[in-house]
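# Summary of the model geometry
Given next are the chains, with one letter for each unit.
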Amino acid sequence: MELNRGDDQGARHAAEQLSRVPPLWSLAEKVAPAHAALVVVDVQNDFCSPEGMMSAEGLDVSSAVATAERLEGFITSARRAGVLVVFVRSVLSSDDNRYLSDVILEQATRRRAGSYTLRPVCVDGSFGGDYYGNVRPAPGDPVVTKHRYSAFLRTDLETILRTAGIRTVVLAGVATNVCVETTARDAFMRDFYVVLCSDGTAAYSDAEHEATLTTIDRYFGQVASITEIATAWNR
């Protein structure tokens, strides 16, 4: 049920009374450079390149390619505004298989057309594990290495964010409905504001992408475009 304007004001007043710290209401407040971080998830060749793993599975990576091109300027805007930029990368396959459990391998066997089993994925130091195009960390950008969908699971991401006084996580990268969404959910569960960049994320079908935008906006955060977020930073 949608709230009318009066109900909305009443709910806001109640939230302000209940909260121990003042809530951040507007997009501009949430993405203020003093307490926002841009977290760029898995913009790697295996997930974005036409020569990568997802393309080898027969999926359409054109949205990922287009998104990566948009992210170049977006990341520049973030750095110019003084926003903390954190890169997240996946390292999955290895010669001694230190990361892929029986659960992952079983799922891959059923649904991933040879990826993870016959075809290594995001090997450290390989083409597939490298960043895609020009979307790469600059000197000084924290880099978080993950081995599961969530960038928070058994990584130092939360420590990096808390140490920097971050309250809001702005999420970009791929895939919208997998690693980005899982990270968004985990961020919200850790009491970070979540802003998911609608045209700075990509999935391998429009339906999957849009479903995540709907879910995040309703339950886990706010959805905004590159232009909306960058405009707030430029102010």
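What you see is a predicted model, and the numbers here were worked out from it, not measured in a lab. (Residues numbered from 1 in each chain as written. Predicted model: local features only at pLDDT ≥ 70, side-chain atom pairs only at ≥ 80, totals over all residues. Heavy atoms only, no water.)

## Considerations on the nonpolar core
How we decide: Here the nonpolar core consists of buried residues drawn from Ala, Val, Leu, Ile, Met, Phe, Trp, Tyr and Cys, with membership extended through side-chain atoms lying within 4.5 Å. Each residue's exposure class comes from its accessible area (1.4 Å probe, protein chains only) as a fraction of the maximum for that residue type: buried when under 20%, exposed when over 50%, partly exposed otherwise. Runs of E in the DSSP output that reach at least two residues are strands. Runs of H or I that reach at least four are helices, and both are numbered from the N terminus. Whether two residues touch is decided by their heavy atoms; if any such pair falls within 4.5 Å, the residues are in contact.
Formed by 42 residues in total, the largest nonpolar core has its most connected members in Leu38, Phe47, Phe74 and Ile229. For this core, the elements supplying multiple residues, two or more each, are strand E1 (36–41), helix H3 (45–48), helix H4 (53–56), helix H5 (62–81), strand E2 (84–90), strand E4 (168–174), strand E5 (193–202) and helix H10 (226–234). No other element matches H5, which puts 7 residues into this core. Excluding residues within four positions of it along the chain, Leu38 makes contact with Phe74, Ile75, Ala78, Val83, Leu84, Val85, Val86, Val170 and Ala172. Membership of the second largest hydrophobic core comes to 24 residues, among which are Val39, Ala151, Cys179 and Phe220.

## Topic: unusual backbone geometry
With an omega dihedral of -15°, the bond running from Val174 to Ala175 counts as a cis peptide bond. Mapping Ala175 onto the fold places it in the loop between E4 and helix H8 (176–189). Here the phi dihedral of Asp42 falls at roughly 55°; this positive angle occurs in a residue that is not glycine. Mapped onto the elements, Asp42 comes out in the loop between E1 and H3. In this structure Asp42 comes out as buried when scored by relative accessible area, which is 0%. Of note, Tyr116 is a non-glycine position whose phi angle comes to about 75°, a positive value. Locating Tyr116 in the fold gives a position in the loop between helix H6 (102–111) and strand E3 (143–146). Judged by its relative accessible area of 12%, Tyr116 falls in the buried class.

## Side note on the side chain of Lys30
Inclusion rule: Whenever a nitrogen or oxygen atom comes within 3.5 Å of another N or O atom, the pair is scored as a polar contact, on the condition that within protein one atom can donate a hydrogen and the other can accept it, and that pairs from neighbouring residues in sequence are kept only if both atoms are in side chains.
Looking at the secondary structure, you find Lys30 in helix H2 (residues 27–30). A distance of 2.7 Å separates polar atoms of two side chains, one belonging to Lys30 and the other to Gln222. Excluding residues that lie within four positions of it along the chain, Lys30 makes contacts with Leu24, Trp25, His35, Ala36, Thr168, Tyr193, Val195 and Gln222.

## Thoughts on the packing of aromatic side chains
Going by this rule: Only rings of Phe, Tyr and Trp enter the pairing, Trp through its six-membered ring, and a pair is recorded when the two centres are within 6.5 Å. The plane angle decides the type: under 30 degrees is stacked, over 60 is edge-to-face, the rest tilted. In this scheme, the term charge over a ring applies when either NZ of a lysine or CZ of an arginine sits within 6 Å of the ring centre and within 35 degrees of the ring normal.
In total, this model carries 5 aromatic pairs according to the counting rule given. Taking 5.8 Å as the distance between ring centres and 90° as the angle between the ring planes, the aromatic pair formed by Phe188 and Phe220 counts as edge-to-face. Of the two residues, Phe188 is situated in helix H8 and Phe220 in helix H9 (residues 206–220); the sequence distance between them amounts to 32 residues. Owing to a relative accessible area of 35%, Phe188 belongs among the partly exposed residues under this scheme. By relative accessible area, Phe220 is classed as buried at 12%. Ring-pair connections join several aromatic residues into one group, and the members of that group are Phe188, Tyr219 and Phe220. A cation over a ring is seen here: Arg162 above Phe192, with NZ or CZ 3.9 Å from the ring centre.

Any functional reading would require information that these geometric values do not contain.
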